[in-house]
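# Per-entry structural report
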Amino acid sequence: MGTQLEINRRTDTASQAPPPKKKKGSERDRREAVQGMTFMLPTIIILVTFTLLPIAYSLFLSFTRVNLFGGIDFQWVGFENYINAWNDDRVWTALKNTFRYALFVVPIQTAIALLMAAVLNSGIRFQNTFRTIYFLPTLTSSSALTMIFMFLFSLNGPINNVLVSLGLLDAPVNFINETDFALTTIMVMNIWSTVPFFMTIYLAGLQDIPSSLYEAASLDGANAWQKLMKITVPNLTPVTNYVLLMGIIGCFQLFDQAYIISGGTGGPNNATLTFSLIIYQYAFKTIGTMGYASALAIILTIIIFTVSMIARKLNKEESNY
Amino acid sequence: MNKKVSKPLSIVMLSGLVFTAACGGEEEAQVASDPSELEGKEITVGTWKGTDAEVKAFDELLAAFTEETGIKVKKKVYNDYQTQLQTDLVGGTAPDVFYVDAFLAPELSKQGVLEPLDQYIEQAEKDLGDFYEPAINAFKSDDQLFGLPKDYSTLGLYYNKKLIEDAGFTADDIPTEMGQLPEFLGELQEKLPSGVTPAITTSELARHMFVLQSGGTDIVDENGMAVLSQQDQIKALQPLVDAYQDKLVQRPADLGQGWAGDSFGAEKSAIMIEGNWAISHIEQNFPNVEMGTKEVPTIDGNSGSMMFTVSYSLNSDSEEKAAGWEFINYATSKDGMKIWSEGAGVLPSLKSIAEELNLQDDELKAPFVAAGAYATPWQKGDSLSIVAREYNNLLPAALKGDMTLEEAMKKAEETANKDIETQLK
């Protein structure tokens, strides 16, 4: 049973490095292991202190009603925070907003990123210049981007001016403060600022597709669109999976844009209330609700996990192998 | 499944318990002793940055205090005051004395992180009669005083002299009774150049609380529950909604600006109801705008305005309480108050200093000083942050006409109360 596997493994290691000599190696193996651990230790310590412990602590807090001030006192409330969340209309509104946001943003940003990457990989002129220019938004801080976008979309801003002078609008639209537009403005902003990052990842993925496939397809008379759909897209599935995952996680954690546009209230009339914003409100704006905020954070984690898994299944990562 | 979960969980619980034990322990109240013993001690004072003038005046205040008492002071400046202060309080690294916004005072005092000052005041025989009463009351809860106001701001009415005069009116034509304001704004609207809105105001509970309470119903009842949709409240607020829909009043965001001071400064509106902080902002950034100020129009003959005040409060966990109290005592004494309010250009919370600085004769500041006597402090118990959140969230829906005012206020009240019920009770 194990033989085939063993042979596989042996050929694997053989291709990478000479197999270690068994007897003499054990001493060296141990030293290497210690060395390896020493190299990893700083990261592990940082990871445990700043990531794992806080996660565990917030999991614990989510089952309590906690007062962190002065002498900390916990009151074990079991699932009360979770039940309250289930009955909380604001949580559902936030969930609806967040889902609507993700459903809109993730597919569009993925498609645009893929298209732009394909174009930039096709050997057009000034390819590198374009790559650099397109990557710039990713390097800018998102709160600075939000301020710029608020200017662009403001009542007297360039976008309204252009639309009005083209005759597309009769009067300027208040994109930022109208209930109907606020979330959409954030969507556009987010697509614009994340596309370059995903495009770069796609560009890297494109380097791995053998050019012989395209040559063969050209000989068979395939056009550019067919090559994109039949060669590029299927070969990029693993990269697409990564892009989808990161996109979904980013969307569900949407905070800074919503915070800046609504001044932290999630208004107008809950239009920009996102899940992260609600967590922030309970954690820092009202005192004594840290337990509830923790419960919401755990719920968000579960939602992101589930949605990501569904997206992965839908994209059928395994089918290509 | 259960087994898998329970182990890590119990470890976390255990560490939580250890945490609690380590942080527990009540502290005894520590009352000021002989001041000379405090010489050479060092305390930390937490502030937010404020304007350049405020920073300079604060440094002067600290220098004067150190000279007077020999106690050294370190500044700790917060950028995001509310979040950072909370983190510091939880982590036990909060300054000995810090600014407390009246809005937050009830929540913080309920958590026991603020030292009651009554004993210190008694010991030092400090006279509280000189403080403006609304400013002192803002920091009282359960008959204890948790801070002494360092200054205050109130709301007043600003008008653009040129715009008003070009429209053929004088400042005296601006009504002093709220009920007549919409009619005047209507007349003004016809004569203003296009693109200029008659009046502008920020639409949030912090500015509207006194309007909502003008009929006698408080926005929060004695149990801390929100009350926003009583008939007298709707009646008091409805004129604002009507005026908004007639485009007589706009919000700064409707005009594409961040806050009312900028809209007024850019001459996008002729009249504005704002706090006195806008005076220096407009003088600095829009020096060509000629403005005048008046008191907020009365509602049914009663004067009303909002008061925003900030205190110096003592950290109940501080190890230098006596020295901390000395600082509060000095900063709110006549000497300290004079240095601060003269330098920073703010309104002193002591009546005698306001008189000494002749603020009642100051053309622009006088209406704001006058409001100090009757303004409603922006403070209403520990549930106010939730009530304000829902009000600010839903009022725009009423202004836009998506809901009637009553529907919006009912929804705000219900959502807030549900939240208060589950989270704070």
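Residues numbered from 1 in each chain as written. Chains lettered and ligands numbered in written order. Predicted model: local features only at pLDDT ≥ 70, side-chain atom pairs only at ≥ 80, totals over all residues. Heavy atoms only, no water.

Quick look at the overall build of chain B now. The helix and strand tally for chain B stands at 18 helices and 12 strands. Radius of gyration (C-alpha) of chain B: 24 Å, near the 22 Å computed for a compact globule of 425 residues. Each of the three principal axes of chain B carries a C-alpha extent, and together these read 70 × 65 × 35 Å. Counting the 425 residues in chain B, one finds 56% classified as buried. A separation threshold of at least 6 residues defines the contact pool for chain B, and within that pool the share at least 24 residues apart is 74%. Just so you have it, chain B exposes about 18500 Å², and 48% of that area is on carbon and sulfur atoms. Once the 35 positive and 71 negative side-chain charges of chain B are each reduced to a mean point, those two points are 7 Å apart. (Helix = DSSP H or I, 4+ residues; strand = E, 2+ residues; numbered from the N terminus. Rg over C-alpha atoms; globule rule 2.2 N^0.38 Å. Buried < 20%, exposed > 50% of the residue type's maximum accessible area, 1.4 Å probe, protein only. Contact = heavy atoms within 4.5 Å. Areas by Shrake-Rupley, 256 points an atom, 1.4 Å probe, with all protein chains shown as cover. Lys, Arg positive; Asp, Glu negative; His and termini not counted. Charge placed at Lys NZ, Arg CZ, Asp CG, Glu CD.)

Turning our eyes to something else, we now look at the overall build of chain A. Within chain A one finds 14 helices and two strands. Within the span of chain A, comprising 321 residues, buried residues form 39% of the whole. Once local pairs closer than 6 in sequence are excluded, the contacts in chain A between residues at least 24 apart make up 63%. Surface summary for chain A: the accessible area is close to 18300 Å², and the carbon and sulfur share equals 67%.

All names here are of chain B. Within helix H12 (residues 277-285), burial applies to Ala278, Ile279 and Ile282. The buried residues of H12 all sit within an arc of 110° when viewed along its axis, so they share a single face. Packing partners of the buried residues in H12 comprise strand E6 (148-160), helix H11 (260-265), strand E9 (269-275), strand E10 (291-294) and helix H16 (366-371). (Arc of directions from axis to C-beta.)

Together, B:Asp172, B:Asp173, B:Glu183, B:Glu187 and B:Glu190 give the surface a local cluster of negative charge. Structurally, B:Glu183 can be placed in helix H8 (residues 181-191). (Patch = residues over 30% accessible without salt bridge, like charges linked within 9 Å, V, L, I, M, F, W, Y side chains within 5 Å. Salt bridge = Lys/Arg side-chain N within 4 Å of Asp/Glu carboxyl O.)

Moving on to the interface of chain B and chain A. Taken together, the contact pairs 43 residues of chain B with 40 residues of chain A. Summed over both partners, the interface of chain B with chain A buries about 3600 Å², with 54% contributed by carbon and sulfur atoms. By the criterion of area lost to chain A, the three top residues of chain B are B:Gln111, B:Asn393 and B:Gln423, representing 17% of everything that side buries. Seen at the junction of chain B and chain A, the total is two salt bridges. Between B:Glu390 and A:Arg90 there is a salt bridge; the shortest N-O distance is 3.0 Å. Elements represented by at least two residues in the side of chain B that touches chain A include exactly helix H1 (2-23), helix H3 (81-91), helix H4 (105-110), helix H17 (384-400) and helix H18 (405-424) of chain B. It is H17(B) that provides the largest number of residues to the side of chain B that touches chain A, a total of 10 residues. Broken down by class, the residue content of the side of chain B that touches chain A amounts to 17 nonpolar, 13 polar and 13 charged. (Buried area = accessible area lost by both parts, 1.4 Å probe. Nonpolar A, V, L, I, M, F, W, Y, C, P; charged D, E, K, R; others polar.)

This brings us to the domain arrangement of chain A. Examined at the domain level, chain A breaks down into domain 1 (20-61) and domain 2 (81-319). Each of domain 1 of chain A and domain 2 of chain A has a C-alpha centre, and the two are 35 Å apart. (Domains from an automatic or database assignment.)

Time to look at the pattern of salt bridges. Following the criterion strictly, the structure yields 20 salt bridges over all chains and no others. Two residues, B:Lys338 and B:Glu356, come together in a salt bridge whose shortest N-O distance is 3.1 Å. A residue pair is termed long-range when its members are at least 10 positions apart, and B:Lys338 in helix H14 (residues 334-344) and B:Glu356 in helix H15 (residues 351-356) qualify at 18 residues. In this structure B:Lys338 comes out as partly exposed when scored by relative accessible area, which is 30%. The shortest N-O distance in the salt bridge between B:Arg389 and B:Asp419 comes to 2.8 Å. On the criterion of sequence distance, the pair formed by B:Arg389 in helix H17 and B:Asp419 in helix H18 is long-range, its members being 30 residues apart. Of the residues examined, B:Arg389 reaches a relative accessible area of 8% and is grouped as buried. A relative accessible area of 3% places B:Asp419 in the buried class. Because the salt bridges share partners, they merge into one network encompassing A:Arg90, B:Arg389, B:Glu390 and B:Asp419.

A few words on the packing of helix H9 (residues 211-219) of chain A against helix H10 (residues 224-235) of chain A. Residue and element names in this part refer to chain A. Where H9 meets H10, the axes come as close as 11 Å, and the angle between the chain directions of the two elements is 160°. Considering the angle they form, H9 stands roughly antiparallel to H10. Considering only the axes of H9 and H10, their crossing is right-handed. Facing H9, whose interface residues are Leu213, Tyr214, Ala217 and Ser218, H10 presents Lys227, Ile231, Thr232 and Asn235. (Axes fitted to C-alpha atoms, helices over the stretch in contact; angles between N-to-C directions. Parallel < 35°, antiparallel > 145°, perpendicular 65-115°, else oblique. Left-handed = near helix turned anticlockwise from the far one by under 90°.)

Attention now moves to the environment of A:Asp29. Residue and element names in this part refer to chain A. Within the secondary structure layout, Asp29 lies in helix H2 (residues 22-61). Its relative accessible area of 45% is what places Asp29 among the partly exposed residues. Each C-alpha atom, one on Asp29 and one on Ser154, is 64 Å from the other, the two residues being 125 residues apart in sequence.

So, on to the confidence of the model for chain A. Residues and elements named next belong to chain A. In this model, chain A carries an average pLDDT of 83, and 89% of its residues clear a pLDDT of 70 or more. Helix H3 (residues 80-86) holds the highest mean pLDDT among the elements of chain A, 92, whereas helix H1 (residues 2-16) holds the lowest, 45. Note on residues 1-15: pLDDT is under 50 here. Beyond four places in sequence and across chains, it has zero contacts. (pLDDT = per-residue confidence, 0-100.)

The next point concerns the nonpolar core. Ranked by size, the top nonpolar core spans 115 residues in total, and within it B:Leu108, B:Leu188, B:Ile271, B:Phe327 and B:Trp378 carry the most contacts. Broken down by element, this core gets its largest block of residues, 10 residues, from H17(B). B:Trp378 has contacts with B:Ala102, B:Phe103, B:Leu205, B:Ala206, B:Met209, B:Met306, B:Met307, B:Phe308, B:Leu384 and B:Ala388, leaving out every residue within four places of it along the chain. Grouped together as the second largest cluster of nonpolar side chains are 57 residues, A:Ala258, A:Tyr282, A:Tyr292 and A:Ile303 included. (Core = buried A, V, L, I, M, F, W, Y, C linked by side-chain atoms within 4.5 Å.)

All names here are of chain B. Most of strand E1 (residues 42-48) sits inside the fold, with five of its seven residues counted as buried. Two strands pair when backbone bridges link them, and E1 and strand E2 (residues 72-78) are joined in this way by seven bridges, in the parallel orientation. Residue Val45 lies in a different strand from E2, and its bridge partner there is Lys75. Where E1 lies against strand E3 (residues 97-101), two bridges are found, and the strand directions are parallel. Following the sheet pairing, Val45 is matched in E3 by Val97. (Pairing = 2+ DSSP bridges.)

A few words on the side chain of B:Glu54. Within the element layout of this structure, B:Glu54 appears in helix H2 (residues 52-69). Leaving out residues up to four positions away in the same chain, B:Glu54 has contacts with B:Trp340, B:Ala344 and B:Val346.

Counting through the fold element by element, A:Gln109 comes out in helix H4 (residues 89-120). A:Gln109 has contacts with A:Asn190, A:Ile191, A:Thr194, A:Val195, A:Phe198 and A:Gly247, leaving out every residue within four places of it along the chain.

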